[in-house]
There are 2 protein chains.
Amino acid sequence: MRLRRVISSVLLLALTSAAQGETGPVLVIHGGAGVIRSSMTPAIEADVRKALRNALQAGYAKLESGQPALEAVAAAVVVLENDPNFNAGKGAVFAHDGKNKLDASIMDGKSRRAGAIAGVETVRNPILLARAVMEESPFVMLAGKGAEDFAKQAGITLVQPSYFRTERRWQQLQKALADEKNPQASTDGGTHKHFGTVGALALDKQGNLAAGTSTGGMTNKRYDRIGDSPVIGAGTYADGHCAVSATGWGEFYIRTVAAHSICMRVELLKQPLAEAAEYVINKDIPTLGGDGGAIALGADGTIAMPFNTDGMFRGWVAGDGVVHVAIYPDEDESGE
Amino acid sequence: MRLRRVISSVLLLALTSAAQGETGPVLVIHGGAGVIRSSMTPAIEADVRKALRNALQAGYAKLESGQPALEAVAAAVVVLENDPNFNAGKGAVFAHDGKNKLDASIMDGKSRRAGAIAGVETVRNPILLARAVMEESPFVMLAGKGAEDFAKQAGITLVQPSYFRTERRWQQLQKALADEKNPQASTDGGTHKHFGTVGALALDKQGNLAAGTSTGGMTNKRYDRIGDSPVIGAGTYADGHCAVSATGWGEFYIRTVAAHSICMRVELLKQPLAEAAEYVINKDIPTLGGDGGAIALGADGTIAMPFNTDGMFRGWVAGDGVVHVAIYPDEDESGE
């Protein structure tokens, strides 16, 4: 068993947003909890902060103009998918077979409608395909070739698989393959190979929530493994009370039905959002042996962003319209 | 909107099982909630009752001999998968492309370990592959070709796709395809084309729970649609308090995270199992427009089997070792 550091990093924002109506708008995003502090450089940090800021601005503009939470979630996630710094869309990690296989899901809180796709290889923005599944099909979850057939019919933008390739991710796969042959030489025990997922949560001016998550999954994943990101309840969930997007060791998030667990604690136990998220992410999942983080947003505008890794790329804009981005635990209160 | 009959059919068994230790053993199974009373015949009913009885005997024998709940769940589901009367394994429905694509999942309550597979075409007993994913891989959920590659490596029995074919299911696909071209001629609005899933729940002599579900999904499904059966939290869930296997219109079970919702109400609200299952299956899901049923089993041996269709193939054996099977709502108390 490796050392498990449980760093509590929960933020409670009591929002005062009279100008925007009773509750919002609010946008929260993450770019994964796989931050390894020792391997960060000022250049990478600056790049990531800029990308997070761009995503927040794109999403918040939708909310400010009165559009639904779902629009803001999609807009923010698209920016992160298009940015090679994150393990989603362009820049996704490689599976064992040298391919990029992308998963995503989206959920509208008010209607509890949802869409999810797993294992697509030619869809530029998987979050938009997940949304099309939700809005234009009778299904919730599609996989692989079938999901791509649906994407064609729905007019979703397709790209060559090479679009997703980045040299950095390719080298990560080569390292994972080498580590696999010689496990004792592995420097990180493989523990961070599966982080980098992106996600967004929004609360719109009408008081409705939405959640979305997109990922390339786990470096060196095999057998068409599906992680938590496209599993409604595990990596993504939204209802009338609460919205969650998770990022971490997906198997543990599926087993704990992590996103839904947080929202059930809020709804059924009337637990404050931060306590509920803290319990699931920093207590229950580590007890089973997993790690990672999540972002959560309540219908009252409360935000929680717990994680138990070195850092989680994250950002938020609340009622005051100020863009905050953060990476490490000690940045929580100050923002950028 | 079609007429929605919400028939409450909840059974509470207060078990006295001193001979088997404090709590059990108990086995509960279902063979789907897609029963259309007008299309049943005495011959079909007799066949189904016999199959349910066989499944209960196979599973209960494991429990009586002191084996874990997981063994009993797998044994019972295998019997149902091998029986062509049910939409799982042999006798599964056909997808739009004329193939049988099978989904299954299994979960151990004590450890909350889980395994799930979606869209396999050559695995004779999908529940055994789900179990192998849980026990022999670092993953929880595998799909399609990758899942079949894993099955080969794990030594799971493979069959030709033609093994799954039954004339009855083939004709159902032909009818669905015809209805699609001429929707107004459809006799059932397509509402029952997706039922027939099988599942089992067990409580072993050690007081541990397990749950498993297996299905061919929805007749005429497209785009490699994944339903609720292989989604942990939706179609299958087990923890230390509660186990659930669902059968119904899968999209609604994913959106409501149905199985997990029932167990969360038991754990967090301390709601009696029957009330929790009744709320999710007969209130929340119908409110969204879905229908179907579920079986639920508490760590105290309590059983609930709500559904809102004409009938649900189901059966149970509790502390007294007596095998009960039932199809229609009015059979609940008397068993067979």
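Structural data are supplied above this passage.
Calculation rules
- Residues numbered from 1 in each chain as written.
- Chains lettered and ligands numbered in written order.
- Predicted model: local features only at pLDDT ≥ 70, side-chain atom pairs only at ≥ 80, totals over all residues.
- Heavy atoms only, no water.
- Helix = DSSP H or I, 4+ residues; strand = E, 2+ residues; numbered from the N terminus.
- Buried < 20%, exposed > 50% of the residue type's maximum accessible area, 1.4 Å probe, protein only.
- Contact = heavy atoms within 4.5 Å.
- Areas by Shrake-Rupley, 256 points an atom, 1.4 Å probe, with all protein chains shown as cover.
- Buried area = accessible area lost by both parts, 1.4 Å probe.
- Salt bridge = Lys/Arg side-chain N within 4 Å of Asp/Glu carboxyl O.
- Least-squares fit on C-alpha atoms with pLDDT ≥ 70 in both.
- Disulfide = S-S within 2.5 Å.
- Pairing = 2+ DSSP bridges.
- Axes fitted to C-alpha atoms, helices over the stretch in contact; angles between N-to-C directions.
- Expected span 1.5 Å × (residues − 1).
- Parallel < 35°, antiparallel > 145°, perpendicular 65-115°, else oblique.
- Nonpolar A, V, L, I, M, F, W, Y, C, P; charged D, E, K, R; others polar.
- Polar contact = N/O pair within 3.5 Å; in protein donor to acceptor, adjacent residues only side chain to side chain.
- Bend = angle between axes of the 7 residues up to and from the residue.
- Phe/Tyr/Trp six-rings, centres within 6.5 Å; stacked < 30°, edge-to-face > 60°.

### Overview of the overall build of chain A
Of the regular secondary structure elements, chain A holds 8 helices and 13 strands. Here chain A holds 336 residues, and 63% of them are scored as buried. Considering only intrachain contacts with a sequence separation of at least 6, the fraction spanning at least 24 residues in chain A is 71%. In the form shown here, chain A has an accessible surface area of approximately 11,400 Å², with 51% of it arising from carbon and sulfur atoms.

### Considerations on the interface of chain A and chain B
On the side of chain B, 42 residues touch chain A, which itself brings 42 residues to the contact. With both chains or domains summed, chain A and chain B bury close to 3,500 Å², and 65% of this area falls on carbon and sulfur atoms. For the chain A face of the interface with chain B, the top three residues by lost area are Arg 112, Tyr 223 and Arg 255 of chain A, together amounting to 22%. Counting across the chain A and chain B interface gives 2 salt bridges.

### Examining the relation of the copies chain A and chain B
Its rotation angle being 180°, the transformation that places chain A on chain B also includes 0.0 Å of axial translation and leaves an RMSD of 0.0 Å. Classification of the inter-copy transformation places it as that of a two-fold axis. Interface overlap between copies is the fraction of interface residues in one copy that are interface residues in the other; for chain A against chain B it reaches 100%, indicating a shared surface.

### Details of the state of the cysteines
Residues and elements named next belong to chain A. What the rule picks out here adds up to 2 disulfides over all chains. Between the sulfur atoms of Cys 242 and its disulfide mate Cys 263 the distance is 2.1 Å. Taking the sign of the torsion about the S-S bond as the criterion, the disulfide between Cys 242 and Cys 263, at about -75°, is left-handed. Pair noted here: Cys 242 is in strand S9 (residues 242–248) and Cys 263 is in helix H7 (residues 258–268), with a separation of 21 residues, a long-range link. One exposure class covers both Cys 242 and Cys 263, and it is buried.

### As for unusual backbone geometry
Residues and elements named next belong to chain B. Unlike most non-glycine residues, Arg 112 shows phi in positive territory, near 50°. Examined against the element boundaries, Arg 112 turns out to sit in the loop between strand S2 (102–108) and strand S3 (113–120). Relative accessible area serves as the criterion here: at 16%, Arg 112 is assigned to the buried category. Here Asp 224, not a glycine, exhibits a phi torsion of approximately 50°, which is positive. Residue placement: Asp 224 occurs in the loop between strand S6 (209–215) and strand S7 (225–226). A relative accessible area of 24% places Asp 224 in the partly exposed class.

### As for the sheet that holds strand S9 (residues 242–248) of chain B
Within a beta sheet, neighbouring strands are joined by backbone hydrogen bonds and run either parallel or antiparallel to one another. Residues and elements named next belong to chain B. One open sheet holds the 4 strands; their spatial order is S8-S9-S10-S11, and the pairing between them is antiparallel. Two strands close off the open sheet at either side, each with one partner strand: strand S8 (236–238) and strand S11 (303–304). Bridging between S8 and S9 involves 3 bridges; their strand directions are antiparallel. Of the residues in S9, the one forming a bridge with Tyr 237 is Val 244. Its contacts with the sheet put helix H7 (residues 258–268) on S8, S9 and strand S10 (292–298), and the angle it makes with S9 is roughly 145°. Contacts between helix H8 (residues 273–288) and the sheet are confined to S9, S10 and S11, with S10 contributing the most and set at about 160° to the helix.

### Details of helix H1 (residues 42–64) of chain B
Residues and elements named next belong to chain B. Given a rise of 1.5 Å per residue, 23 residues ought to cover 33 Å, and the 32 Å separating the end C-alpha atoms of H1 matches this to within 8%. Close packing links the buried residues of H1 with strand S1 (26–30), helix H2 (69–82), strand S5 (198–203), strand S12 (314–317) and strand S13 (323–326). Looking at the residues trailing H1, positive phi occurs at Gly 66, about 90°.

### Thoughts on the environment of Gly 250 of chain B
Relative to the helices and strands, Gly 250 of chain B resides in helix H6 (residues 250–255). In this structure the C-alpha to C-alpha distance between Gly 250 of chain B and Arg 53 of chain B, which are 197 residues apart in sequence, comes to 26 Å.

### What about the pattern of salt bridges?
Applying the stated criterion across every chain, the model contains 24 salt bridges over all chains. A salt bridge links Arg 131 of chain A to Glu 71 of chain A, with the shortest nitrogen-to-oxygen separation between them at 2.9 Å. Here the residue Arg 131 of chain A occupies a position in helix H3 (residues 126–136), and Glu 71 of chain A occupies one in helix H2 (residues 69–82), the gap between them amounting to 60 residues. Judged by its relative accessible area of 15%, Arg 131 of chain A falls in the buried class. Here Glu 167 of chain B and Arg 165 of chain B are joined by a salt bridge, their closest N and O atoms 3.5 Å apart.

### Some points on the packing of helix H3 (residues 126–136) of chain B against helix H4 (residues 144–154) of chain B
All names here are of chain B. At a minimum axis separation of 10 Å, H3 and H4 run at an interaxial angle of 75°. In terms of their interaxial angle, H3 and H4 are classed as roughly perpendicular. Of H4, the residues touching H3 (which contributes Leu 129, Ala 132, Val 133 and Glu 136) are Ala 147, Phe 150, Ala 151 and Ala 154. Here the residues of the contact of H3 with H4 sort into 7 nonpolar, no polar and 1 charged.

### Let's talk about the sheet that holds strand S3 (residues 113–120) of chain A
Taken in spatial order, the 9 strands line up as S13(A)-S12(A)-S1(A)-S5(A)-S6(A)-S2(A)-S3(A)-S4(A)-S7(B) in an open sheet, and their pairing is mixed. In the strand order of this sheet, the two ends are held by strand S13 (323–326) of chain A together with S7 of chain B, each with one partner. As paired elements, strand S5 (residues 198–203) of chain A and strand S6 (residues 209–215) of chain A share 6 bridges and run antiparallel to each other. Counterpart to Ala 200 of chain A in the pairing with S6 of chain A is Gly 212 of chain A.

### Let's talk about the side chain of Lys 101 of chain A
All names here are of chain A. Position of Lys 101 relative to the elements: it lies in the loop between H2 and strand S2 (102–108). Taking relative accessible area as the criterion, Lys 101 reaches 10% and is therefore assigned buried. A polar contact is formed between the side chain of Lys 101 and the side chain of Asp 224, at a distance of 2.9 Å. Contact partners of Lys 101, with chain neighbours within four places excluded, come to Ala 95, Gly 119, Val 120, Glu 121, Thr 215, Gly 216, Lys 221 and Asp 224.

### So, helix H8 (residues 273–288) of chain A
Residue and element names in this part refer to chain A. With 16 residues, H8 should reach 22 Å at 1.5 Å per residue; the first-to-last C-alpha distance of 22 Å fits that figure. Along H8, the sharpest kink reaches roughly 30°, centred on Tyr 279. Three or more residues of H8 are buried, namely Leu 273, Ala 274, Ala 276, Ala 277, Val 280, Ile 281, Asn 282, Asp 284, Ile 285 and Pro 286. Check the buried side of H8 and you find it contacts S9, helix H6 (250–255), H7, strand S10 (292–298) and strand S11 (303–304). In the segment just after H8, Gly 289 is the residue with positive phi, at about 110°.

### Some remarks on the side chain of Asn 85 of chain A
Residue and element names in this part refer to chain A. Structurally, the position occupied by Asn 85 is in the loop between H2 and S2. Within polar-contact distance, the side chain of Asn 85 engages the side chain of Asp 83 at 2.8 Å. The contact partners of Asn 85, leaving out residues within four places of it in the chain, are Asp 47, Val 48, Arg 168 and Arg 169.

### A few points about the packing of aromatic side chains
Per the counting criterion, the structure on display carries 10 aromatic pairs over all chains. Measuring from centroid to centroid gives 5.2 Å for Phe 150 of chain A and Tyr 223 of chain B, while their planes differ by 70°, and the two rings are edge-to-face. Of the two residues, Phe 150 of chain A is situated in helix H4 (residues 144–154) and Tyr 223 of chain B in the loop between S6 and S7; the pairing between them involves two chains. An identical accessibility class is assigned to Phe 150 of chain A and Tyr 223 of chain B; each is buried.

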